[in-house]
Amino acid sequence: MTYPEQFQGFAISDPKDWATPKLTSFQPKNFGPRDVDIEVECCGICASELFALKNDWTHEPLACLSSKYGPKTQVVGHEVVGKVVAVGPEVSLCKVGDRVGLGAQASACMQCSRCQSSNEQYCAQSIGTYCNPYPDGYVSQGGYASHVRAHEQFCFPIPPEIPSELVAPLQCGGLTVFSPIKRNIQGKKNPRVAIIGIGGLGHMAIMISKALGAEVSAVSRGYSKRDDALKMGADHFIATSEPNWNAGLDDTFDLILNCASSTSSLDLNALLPCLKVNCNFVSVGLPHIDEDFKVKPFSFFHNGCNIGSSKLGSREEAIELMQLAVKHNFRPWVETIKVSEAGVSEGLTRLDKGDVRYRFTLTGFHDFFGT
Ligand code: NDP
Ligand code: ZN
């Protein structure tokens, strides 16, 4: 059986197989009145997928294994670009044939104060694009697949100027950094931003901060990404492997955005004094569940700064980000990999090793799935 009864995707049922998802057929979620089916054209690979497949963000078993309804396997993928092939009867935000993007969120209540104030990513009933249970028990399945089904709110219109493989990483990674950068620097004169961790999210954060008018410092563990970061538009480069790397940086930044996937190299006691008064250290990086922040309260007493976090972004912000990319002509640095069991495995394995400059997009879905 194939679409619409069944989708096909690359799935695991045991986290130890995280690097070798296998081609599987699976039942989609029930088709809701505001649901959209996307025939996938390409899909970025985000580090969150490594954490999800390895089950590193929880001490519980994979959610799909205990679900009473739906697949017992897990497909990930949440930087989807594709074509709308079906819409529920109440859908008004897109139509069959549109090219749309889908990020890491697939549903929200759309009624609460957060949903009604363009903060739907913080809705208490938010459902991620994969690994999250719907109220009926079905665990959401992602976009390394022939098709993906999501609420229309999270299917974003894509400007014609940006090719699919380059716009895919903006759906999660780009949006995740755009939201806190914009919210923290808008209205400020000559803002200075530091971006920590020059990977998928970090490299987009450099370009987005520049486009929003900031002076940007790229902060990395060593020097290997220095030339690239400057090409992306960074004004300064800081290698934290250098002793005294923070000398002279007290009272410098309006925002420090942490995009690192581990806290192991993060010296908050050295970073926080670099913020201006009452400014924010915002972490979007989400490490292994057993990792912590280690920080002395006195490190952020003298500037009254704040430690915070940020989750994804809103539909409004996703649309604004793509318009910004068109206006300022920046694009994620993408290496494409043809989708297949071997291709998915290669992308995940190389991302796990840090062997990526700076985002993979899986392509060729129509050829592979015959869609
Ligand atoms: P990447 O692997 O592409 O980049 C992560 C970067 O972290 C690396 O390039 C590296 O930068 C830095 N880093 C620091 N310490 C380590 C370490 N011990 N091992 C490996 N890298 C390290 O990941 P992504 O950009 O795709 O994702 C970054 C983080 O953001 C992940 O934790 C992901 O789960 C999270 N995320 C959070 C979202 C949210 O809503 N908050 C949404 C999407 C992703 P360098 O070499 O420059 O030091
Ligand atoms: Zn992501």
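Computed from a predicted model, the values in this text were never measured in an experiment.

J.: Run through unusual backbone geometry, naming residues and quoting values.
T.: Following Y3, the chain continues into P4 via a peptide bond in cis, with omega recorded as 10 degrees. Following the sequence through the fold, P4 ends up in the segment before β1 (7–12). With an omega of -5 degrees, the peptide bond between R357 and Y358 qualifies as cis. Turning to its location among the elements, Y358 is positioned in the loop between α7 (341–352) and β18 (359–363). Non-glycine residue M110 carries a positive phi angle of around 65 degrees. Summarising the element assignment, M110 is placed in the loop between β7 (105–107) and β8 (127–128).

J.: Could you give an account of the site of ligand 1, with specific residues and numbers?
T.: Around ligand 1 sit 32 residues in total, of which A47, G197, G199, S220 and S262 are the nearest. Only α1 (47–54), α2 (164–185) and α3 (200–211) provide two or more residues apiece to the shell around ligand 1. Partitioning the shell around ligand 1 into residue classes produces 14 nonpolar, 15 polar and three charged. When residues are assigned to domains, the shell around ligand 1 turns out to be shared by domain 1 (7–162 + 331–369) and domain 2 (173–309), each giving three or more.

J.: Tell me about the packing of α1 against α7, and name the residues and values.
T.: Two numbers describe a pair of packed helices, the interaxial angle and the distance between the axes. Two elements in contact, α1 and α7, have axes separated by 10 Å at closest approach and are oriented at 100 degrees. The angle between α1 and α7 places the two elements in the roughly perpendicular class. Side by side, α1 and α7 meet where A47, E49 and L50 of the first sit next to L348, L351 and D352 of the second.

J.: Which residues make up the sheet that holds strand β11 (residues 192–196), and what are the values?
T.: Spatially, six strands are ordered β13-β12-β11-β14-β15-β16 in an open sheet, and the strand pairing comes out parallel. Edge positions in the open sheet fall to β13 (236–239) and β16 (306–309), since each of these has one partner strand only. With strand direction ignored, the average angle separating the axes of adjacent strands in the sheet is 20 degrees. Pairing of β11 with strand β14 (residues 253–258), which is carried by four bridges, proceeds in the parallel orientation. Paired with V193 across the strands is L255, a residue of β14. Contacts from α2 reach β11, β14 and β15 (275–283), with the element oriented near 165 degrees to β14. α3 contacts β11, β12 (215–220) and β14 of the sheet and is inclined by roughly 170 degrees relative to β11.

Definitions and cut-offs
Residues numbered from 1 in each chain as written. Chains lettered and ligands numbered in written order. Predicted model: local features only at pLDDT ≥ 70, side-chain atom pairs only at ≥ 80, totals over all residues. Helix = DSSP H or I, 4+ residues; strand = E, 2+ residues; numbered from the N terminus. Near = placed C-beta within 6 Å. Nonpolar A, V, L, I, M, F, W, Y, C, P; charged D, E, K, R; others polar. Domains from an automatic or database assignment. Axes fitted to C-alpha atoms, helices over the stretch in contact; angles between N-to-C directions. Parallel < 35°, antiparallel > 145°, perpendicular 65-115°, else oblique. Contact = placed C-beta atoms within 7 Å. Pairing = 2+ DSSP bridges.

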